[in-house]
Every structure is written in C-alpha cells, then in structure tokens.
Amino acid sequence: MTDQLSPEEKFNLITRNLQEVLGEEKVKQVLQERELRVYWGTATTGKPHVAYFVPMSKIADFLKAGCEVTILFADLHAYLDNMKAPWELLEFRVKYYEQIIKAMLESIGVPLDKLKFVKGTNFQLSREYTLDVYRLSSTVTEHDAKKAGAEVVKQVEHPLLSGLLYPGLQALDEEYLKVDAQFGGVDQRKIFILAEKYLPSLGYTKRAHLMNPMVPGLTGVKMSSSEEESKIDLLDSKEDVKKKLKKAFCEPGNIQNNGVLAFVKFVVFPLRGEFCIKRDPKWGGDKVYTSFEEVEKDFAEEVIHPGDLKASVEVVLNQLLEPIRKKFESPELRKLTNQAYPDPSKTKAGGKGGKAGGGGGGGDDDDELAPSRLDIRVGKVVSVDKHPDADSLYLEKIDVGEAEPRTVVSGLVAYVSQEELQDRMVLVLCNLKPQKMRGIESQAMLLCASVWT
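Rules used throughout
Residues numbered from 1 in each chain as written. Predicted model: local features only at pLDDT ≥ 70, side-chain atom pairs only at ≥ 80, totals over all residues. Heavy atoms only, no water. Helix = DSSP H or I, 4+ residues; strand = E, 2+ residues; numbered from the N terminus. Buried < 20%, exposed > 50% of the residue type's maximum accessible area, 1.4 Å probe, protein only. Contact = heavy atoms within 4.5 Å. Areas by Shrake-Rupley, 256 points an atom, 1.4 Å probe, with all protein chains shown as cover. Core = buried A, V, L, I, M, F, W, Y, C linked by side-chain atoms within 4.5 Å. Phe/Tyr/Trp six-rings, centres within 6.5 Å; stacked < 30°, edge-to-face > 60°. Lys NZ or Arg CZ within 6 Å of the ring centre and 35° of its normal. Axes fitted to C-alpha atoms, helices over the stretch in contact; angles between N-to-C directions. Parallel < 35°, antiparallel > 145°, perpendicular 65-115°, else oblique. Left-handed = near helix turned anticlockwise from the far one by under 90°. Nonpolar A, V, L, I, M, F, W, Y, C, P; charged D, E, K, R; others polar. Patch = residues over 30% accessible without salt bridge, like charges linked within 9 Å, V, L, I, M, F, W, Y side chains within 5 Å. Salt bridge = Lys/Arg side-chain N within 4 Å of Asp/Glu carboxyl O. Pairing = 2+ DSSP bridges.

Q: Got a minute to help me understand the overall build of the chain in this structure?
A: Helix and strand content of the chain: 17 helices and 15 strands. The buried share of the chain, taken over its 453 residues, is 47%. Within the chain, contacts between residues separated by at least 24 positions form 70% of all contacts whose residues are at least 6 apart in sequence. As displayed, the chain has an accessible area near 23,000 Å², and 51% of this comes from carbon and sulfur atoms.

Here's what the structure looks like:
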C-alpha cells in the first residue's frame, strides 16, 4: 500500500489529526526523495495509560505512510525531571515501558518489526553526546531553558539544575537518532522551538516537528499518570474501566474538554474508521458512524446521550485493553510491574521513625484529616491577567478581607473567560503553602467545580 501512495498522500496521512506542524516544507521535500525518519520519545516515569493510544495511533499512521519510526525510552529524562523516576527504578521502568508499549502496538495491529526501539542512556552517556551537552549549555540561556521546559518539566518552588538540562537533551536526541522530524504533544512546542533555534549553532540541521493536540482526561483536563481519577490504566479491569468512565466528565451537548469524545476522535476513528453507538432499541437502537464529525454533531445536538457514548467507548476500550491484560498475566510481567512500581505503602511501612501498631499515645492530632482544617473564604476577584509565561494560566488578585489582595495563579483559561472572572465572588482556599507557578508565587487556590453526569 505504501508504494502506491503519492508523496502528497503520505504527507496527508502523516499530518492528519495533528494540531500543528513546524517545518511542513521540509517534510514535503524529504517525501519527494525518500521515506521520512521520525522519532517519538517517552520519559519512563508514571504508568502509561489509555491516552497513550493517541500517539500509538499516529505511529500507525506514520508506518502506513512508509516512515521509518524510532521509539525512544527516555530514561535519563525521567530522572532529570525532578527525579520523577528514582535511579534505582529506572532499569525496571524502561523494561516495563517497552513491554507495555509493544503490547499496545500489537493490540492495534502495528507490526513491531517496522519499528526501532532505543533506550536513552545507551547513547546519552557517550563521550560525544556529553560534549555536545556542554557545548549546548554554553549557548542556551537560563531563560530559554526554563521557558522551554515550562509545560513539560515539573515546576517546583526551588527548581533543580537537571530540569534546565532536560530541553537541551531532547533537542540533541534529534541529531543522535538521525531523524528528519520529532513527534510529540503540543505541550512540547517550546522544547521544539528551542531545538530549532539552537541545534544549528552546533552545526546540526533544524528538524521538523509534528504535534498532537493534548487530549482531555476523564476529569476534563489533561490526562495525567499522577492523577488517578483523570486516567484509565492500561491494566485496569473491566470493572475499573466501567467505574471510571461512569464518573467521567461528559456533559450533555458539551463537546469542549470532553475526554470521552476526544478518545473517539483521536483513537477510534484513526484505527477503525467507524464507531458504533450502542443503545436500547427504544432509543433508536445501534447506529454506526463513519466520520467523527457526525458523532460530534449528534452529541452536540443531544441525539447521543452521554450514557450511550460512555457505554460504547467502554466496549472499544475493553477490546483494546484485553490483549494487554492477558499479556501481563504472566508471572514475569507481574513481577516486573511490581519492581517498576512498588507499592508505596509496603516500601514505607516499618521505615525508620514509622509508628508501629500497638504503641501507646495514639496518633498526632496534627496528622488528622478533617474539613475544619481548611481555611476557605469568600473573596472578590479584583483583577485578572494572563500569566506572562504560561498560556494556560491566569494571574489573579483576589480580595479576601486582608490588608492587600492575594496573588493567585490558576489554570482556568480553557474553562472561564477573563470577563467572567473579573469582579466575581469566589471561594478561595487560603491556608495552602505558597508555591511558585511558572515563576510567580501563588498565595491561595481558587476553587471551582464542574457539572458531572
């Protein structure tokens, strides 16, 4: 099939459903001469979840278009990102990622023999790569490095130097993997811009960058490995899938920030070309859709009920997850899972200074979890501005009855307009420890809620 595709058809397949492409002309030029070489990297941190089917479905597109695809297990990046993966667990997590991602690709019918799998530390600790890290460090400014990692590297009050190295290493990977393009989420755009700006200063070619949109999680925000309720794990049971989908944000007629609809768009249709809504005959019976636009239109007009959408996605999800579950029933992979992600309660139990059962005196009152410990106040938003370094954040001044309004940073750009927030009465949690968010200290948390169905 690949031999029968024209360069234009290959380009359309490579770029379909992407949010943005930097370097379109370069991609088209390469396709006129040979097959495109692409890499996708994943830091081996938290457990991969069902949102990983989104890049997997694009990798399937790349292969259909004849691309040479490399998957990078970025173990060194996982450690550099505020030590999300402890050094002693890195080897286990790389093996886990390799097994789980291969299982995902097999479940969607992607031939593994057409892919190249690479572990980051197999080349990132070489003499040549290390020298290039130093060369790059002598040209990249602290401002640019911090800005590049703002949407990807974990932001903390006192950032580590490792987080500033992260974007530069990801840029260098393009040269050392000998690719024409890097594929990733649009949250990595600033890292891609850094690569385009600085790689030529080392004498290396500027690459193209292919960006997927960020898919909403079950709570209506980005699906995250660290937020249990926002994701469905690849090894979740059918019962867990049903329970999590039942609680998922899926408001009738609302097509914005709808993780269930997004899964249909970015996974189901690219892989299957159709989607069946399953429903009781008294509500019209089953209906097969051949385009996502039809599904979206019917959901927006409330022809499709959220319950029927969730139930239909549940069927597809379980079909995709069942081969993965079966593969990980083996004793070897169960052991690997426990080694890569040890139970925190077991690793901490009986630790130094821990409280043993049967001791006198009971628990410390300071450790008691109670709603009365929350300092929640009614405040008035006196000003709202966009955060200077993060498009998804607002910078607010909120009057909570103190001498000066509090500065609050909140991620509400995608959900509430500036006009709606201005002069609004809000609930504010005031006794959280102040924390810097993208360089600005937030002194409280603005509380908000969604309508769940």
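Q: Hey, could you run me through the nonpolar core in this one?
A: One broad rule of soluble globular proteins: the nonpolar side chains tend to lie buried together. The biggest cluster of nonpolar side chains holds 77 residues, and the ones touching the most others in it are Phe53, Ile59, Leu210, Phe275 and Leu309. If one sorts the elements of this core by residue count, helix H12 (residues 259–272) sits on top with 9 residues. In contact with Leu210, other than residues within four places in its own chain, are Ile14, Leu18, Glu20, Val21, Val27, Val38, Phe62, Ala181, Gln182, Phe183, Gly184 and Phe192.

Q: Would you explain the packing of aromatic side chains in this entry?
A: Remark: the centre distance and the inter-plane angle together describe each pair of aromatic rings, the angle taken between the planes. Summed over all chains, the structure comprises 10 aromatic pairs. Ring centres 5.7 Å apart and planes at 65° place the aromatic pair Tyr96 and Phe328 in the edge-to-face group. Pair noted here: Tyr96 is in helix H5 (residues 87–107) and Phe328 is in the loop between helix H14 (306–327) and helix H15 (331–340), with a separation of 232 residues, a long-range link. In this structure, Tyr96 and Phe328 share a single accessibility class: buried. Linked through ring pairs, Tyr96, Phe328 and Tyr341 together constitute an aromatic cluster. Its end group placed over the ring of Phe11, Lys28 keeps NZ or CZ at 4.9 Å from the ring centre. Taking NZ or CZ as reference, Lys102 lies 4.9 Å from the ring centre of Phe117, over its face.

Q: What is the right way to read the packing of H12 against H14 from this model?
A: Geometrically, a packed helix pair is captured by the angle between its two axes and the distance between the axes. Where H12 contacts H14, the axes come no closer than 11 Å and their chain directions differ by 50°. Taken together, the axis directions place H12 and H14 in an arrangement best described as oblique. Judged by the sense of rotation from one axis to the other, the crossing of H12 with H14 is left-handed. Facing Val260, Leu261, Phe263, Val264, Val267, Val268 and Arg272 of H12, the residues of H14 in contact are Leu309, Lys310, Val313, Val316, Leu317, Gln319 and Leu320. Looking at the contact of H12 with H14, its residues break down into 11 nonpolar, 1 polar and 2 charged.

Q: I keep staring at a nonpolar patch on the surface and nothing clicks. Help me out?
A: Together, Leu374, Ile376, Val378, Met425, Leu427, Leu432, Met445 and Leu447 give the surface a local cluster of nonpolar side chains, amounting to about 710 Å² of exposed area. For the nonpolar patch, the elements supplying multiple residues, two or more each, are strand S9 (376–386), strand S12 (425–429) and strand S15 (445–447). One can find Ile376 in strand S9. On the basis of relative accessibility, which here comes to 43%, the residue Ile376 falls in the partly exposed class.

Q: What exactly am I supposed to notice about the sheet that holds strand S5 (residues 181–185) here?
A: Where strands meet in a sheet, backbone hydrogen bonds hold them as pairs that are either parallel or antiparallel. Read across the open sheet, the 6 strands follow the order S1-S6-S5-S2-S3-S4; overall the sheet is mixed. Edge positions in the sheet fall to strand S1 (20–22) and strand S4 (115–119), since each of these pairs with one other strand and no more. Ignoring strand direction, the axes of neighbouring strands in this sheet form an average angle of 25°. Pairing analysis gives 5 bridges linking S5 to strand S6 (residues 208–212), with the strands arranged parallel. Residue pairing for S6: Gly185 is matched across the bridge by Asn212.

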